[in-house]
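Here is what each chain is made of, one letter per residue.
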Amino acid sequence: MTRELHLNGFLKPGGTHLAGWRHPDAVPDAGVNLRYVTELVRTLEDARFDAIFIADLIAVPDSGDEVLSRVSVVNDGFEPITLLAALAAATSRIGLIATASTSYNEPYTLARAFASLDHLSGGRAGWNVVTSLVDAEARNFGLGEHLAHADRYARAREFFEVVTGLWDSFDDDAFTIDRASGRYFEQDALHSLDHRGERFRVAGPLNIARPPQGRPVIAQAGSSEDGRALAAEIGEVIFSAARDFETSLAFTTDIKERAVRAGRDPDQVLVLPALTAFVAPSRAQAEDEHRELAALLHPRVALADLEYFLGGVDLSANDLDGPLPVLPTSNQASRSGRELIIALAAQEGLTIRQLAERVSRSEEAVVGTPTDIADHIEEWFTAGAADGFNVAFPYLPTSLTRFTSLVVPELQRRGLFRTEYRGRTLRENLGLDRPRSRYAGATQGSTSTDTTRSEHTA
Ligand SMILES: Cc1cc2nc3c(=O)[nH]c(=O)nc-3n(C[C@H](O)[C@H](O)[C@H](O)COP(=O)(O)O)c2cc1C
């Protein structure tokens, strides 16, 4: 089968740029305006995007009131699964991927919510498995600080084992609903998980039928050693923050090699780097618009953003026109982004102020005409540096409608992107197999996960 390009919409209704809410086109209450969000998602569906993805932080960031009061994040959006449940009813084909944390949730609750979303949407759900990012999240769940990096990933693995085990509670054909005999489901088609692990004890079974997709599509975005290992083991859609072609090619190659070592088919692991596109009919217009948005970002917000990406460091005592100090090793930070930024500062000898400007200007953005953006997509896709893109829209609705009305037709004209959905479920559109139940072929009603491993691909 020919390789297909996949497009995922990284949807933040206020725009992914921190000053997106200040743009004259922006809808002031975008984050909590269901009608508006539905319109955006329907536009992406009309353009045949594979899916939308809703990111999440389970806290108001720790940025101090001066900075917080200048960004829209506090009012940035609904809880992702709740929002996607509403969007499931308002759309019919586009995939719906919600972020949910394995560090600050219980597996039974999430297994149930995602199984419900998969049923509600007719098999269009996806779960972006994250271990969360900052101390502010931990403090909302009875902890003083964020779990250490290695602990988070150990917990994530066991969490995932439990969730996928719970999804298999009922066999696919369990519900025979035989009115004549009075038997609603076949008794031997129900399996109690009886998970007894280091971090979780979960009896099961889950109180809902197996999801239409067998499992919602699993997205992951780890890029540290632990994160990549988990992505290669369980991820089917891998989001990356790779900023340039070489980094993306190396990352994609690495993830696929790891997947092969984990016994998986590398074609069942789709790597989607982020693509922030500023597109306009002319290059000059796109560049102007890129500059205009950057100019709307308050310098204090730009610095706070840098501090955040560096793992929550406080640079206020440093000379902004001096170099970035040597930063202590952190086991809490999202390591990948942090290291890329530290490397950028060192390579180009940037001051803190220059670095903050560079990070805030979304330097990784592709700025240009529809042809420029399509060239970028085609180059990365054809060379295997990407299986598609996680398209971020810096300000809305303009950067989204420009992408769907200008870039998508160009990709379609080149024969790179579909003009019709291939299937009904997100798995079908992504070309991903439907996982078999871990109990497929078994006759016993109860199997402990201590002895039964799930099949990640089947
Ligand atoms: C495109 C993209 C989106 C992400 N969205 C979220 C998110 O919504 N919530 C979250 O806690 N982490 C999110 N992350 C962070 C990743 O889950 C991961 O923690 C990060 O890439 C660092 O990798 P590591 O955990 O292996 O250190 C995202 C990362 C990327 C690249």
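Model, not experiment: these values are computed from the prediction. (Residues numbered from 1 in each chain as written. Predicted model: local features only at pLDDT ≥ 70, side-chain atom pairs only at ≥ 80, totals over all residues. Heavy atoms only, no water.)

1. A few points about unusual backbone geometry
With an omega of -5 degrees, the peptide bond running from glycine 204 to proline 205 counts as cis. Look at the link from leucine 396 to proline 397: it is a cis peptide, with omega at 0 degrees. Note that proline 397 resides in the loop between β11 (388-392) and α14 (398-413). With phi around 70 degrees, arginine 48 is a residue other than glycine that occupies positive phi space. Relative to the helices and strands, arginine 48 resides in the loop between α1 (34-46) and β2 (51-54). Since its relative accessible area comes to 19%, arginine 48 is described here as buried. The backbone phi angle of aspartate 194 is positive, close to 50 degrees, even though this residue is not glycine. Relative to the assigned elements, aspartate 194 resides in the loop between α6 (149-167) and β5 (195-196). (Helix = DSSP H or I, 4+ residues; strand = E, 2+ residues; numbered from the N terminus. Buried < 20%, exposed > 50% of the residue type's maximum accessible area, 1.4 Å probe, protein only.)

2. Section: the site of the ligand
In the vicinity of the ligand, 21 residues are found, and the nearest of them are Asp56, His149, Tyr153, Ala221 and Ser224. At 2.4 Å, a side-chain N or O of tyrosine 153 approaches an oxygen atom of the ligand. Backbone polar atom of serine 223 to an oxygen atom of the ligand: 3.0 Å apart, as the coordinates give it. Here the ligand loses 92% of its free accessible area of 610 Å² to cover by the protein chains. Going through the elements one at a time, α6, β8 (237-240) and α11 (335-348) are the ones with two or more residues in the shell around the ligand. Classifying every residue of the shell around the ligand by side-chain character gives eight nonpolar, eleven polar and two charged. (Near = heavy atom within 4 Å. Polar contact = N/O pair within 3.5 Å; in protein donor to acceptor, adjacent residues only side chain to side chain. Areas by Shrake-Rupley, 256 points an atom, 1.4 Å probe, with all protein chains shown as cover. Nonpolar A, V, L, I, M, F, W, Y, C, P; charged D, E, K, R; others polar.)

3. Re the pairing of β8
Neither face of β8 is open: one carries Val237 and Phe239, the other Ile238 and Ser240, and all of them are buried. Pairing analysis gives two bridges linking strand β7 (residues 217-220) to β8, with the strands arranged parallel. Residue pairing in the sheet places alanine 219 in a bridge with valine 237 of β8. On the question of chirality, the crossover connecting β7 to the parallel β8 by way of helix α7 (residues 225-234) is right-handed. Alignment of β8 against strand β9 (residues 270-279), held across four bridges, turns out to be parallel. Each residue of the ladder has a partner; that of phenylalanine 239, found in β9, is leucine 272. One crossover worth recording links β8 to the parallel β9 by way of helix α8 (residues 245-261), and it is right-handed. (Pairing = 2+ DSSP bridges. Right-handed = clockwise from strand over helix to strand, strands pointing away.)

4. Notes on the packing of α6 against α7
The packing of two helices is summarised by the inter-axis angle and the distance between the axes. It is at 10 Å that the axes of α6 and α7 come closest, and there the two elements cross at 10 degrees. By the angle between their axes, α6 is roughly parallel relative to α7. On the side of α6, the interface is formed by His149, Ala150, Tyr153, Ala156, Arg157 and Phe160, while α7 contributes Asp226, Gly227, Ala229, Leu230, Glu233 and Ile234. Residues of the contact of α6 with α7, tallied by class, amount to seven nonpolar, two polar and three charged. (Axes fitted to C-alpha atoms, helices over the stretch in contact; angles between N-to-C directions. Parallel < 35°, antiparallel > 145°, perpendicular 65-115°, else oblique. Contact = heavy atoms within 4.5 Å.)

5. Regarding the packing of aromatic side chains
Enumeration according to the criterion identifies 19 aromatic pairs in this entry. Through pairs of rings, three or more aromatic residues link up here, namely Phe114, Trp127, Phe159, Phe160, Trp167 and Phe200. Residue placement shows arginine 3 over the ring face of phenylalanine 381; its charged tip is 4.1 Å from the ring centre. (Phe/Tyr/Trp six-rings, centres within 6.5 Å; stacked < 30°, edge-to-face > 60°. Lys NZ or Arg CZ within 6 Å of the ring centre and 35° of its normal.)

6. Thoughts on the nonpolar core
Soluble globular proteins tend to pack their nonpolar side chains together in the buried interior. By size, the foremost hydrophobic cluster in this structure holds 69 residues, and its most contacted members are Leu7, Phe49, Trp127 and Phe403. Within the second largest apolar cluster, 23 residues are counted, among which are Ala302, Val313, Ile341 and Ala345. (Core = buried A, V, L, I, M, F, W, Y, C linked by side-chain atoms within 4.5 Å.)

7. Describing the environment of glutamate 186
Along the polypeptide, glutamate 186 turns up in the loop between α6 and β5. Among all residues touching glutamate 186, those that are not within four sequence positions of it are Ala174 and Thr176. A distance of 2.9 Å separates polar atoms of two side chains, one belonging to glutamate 186 and the other to threonine 176.

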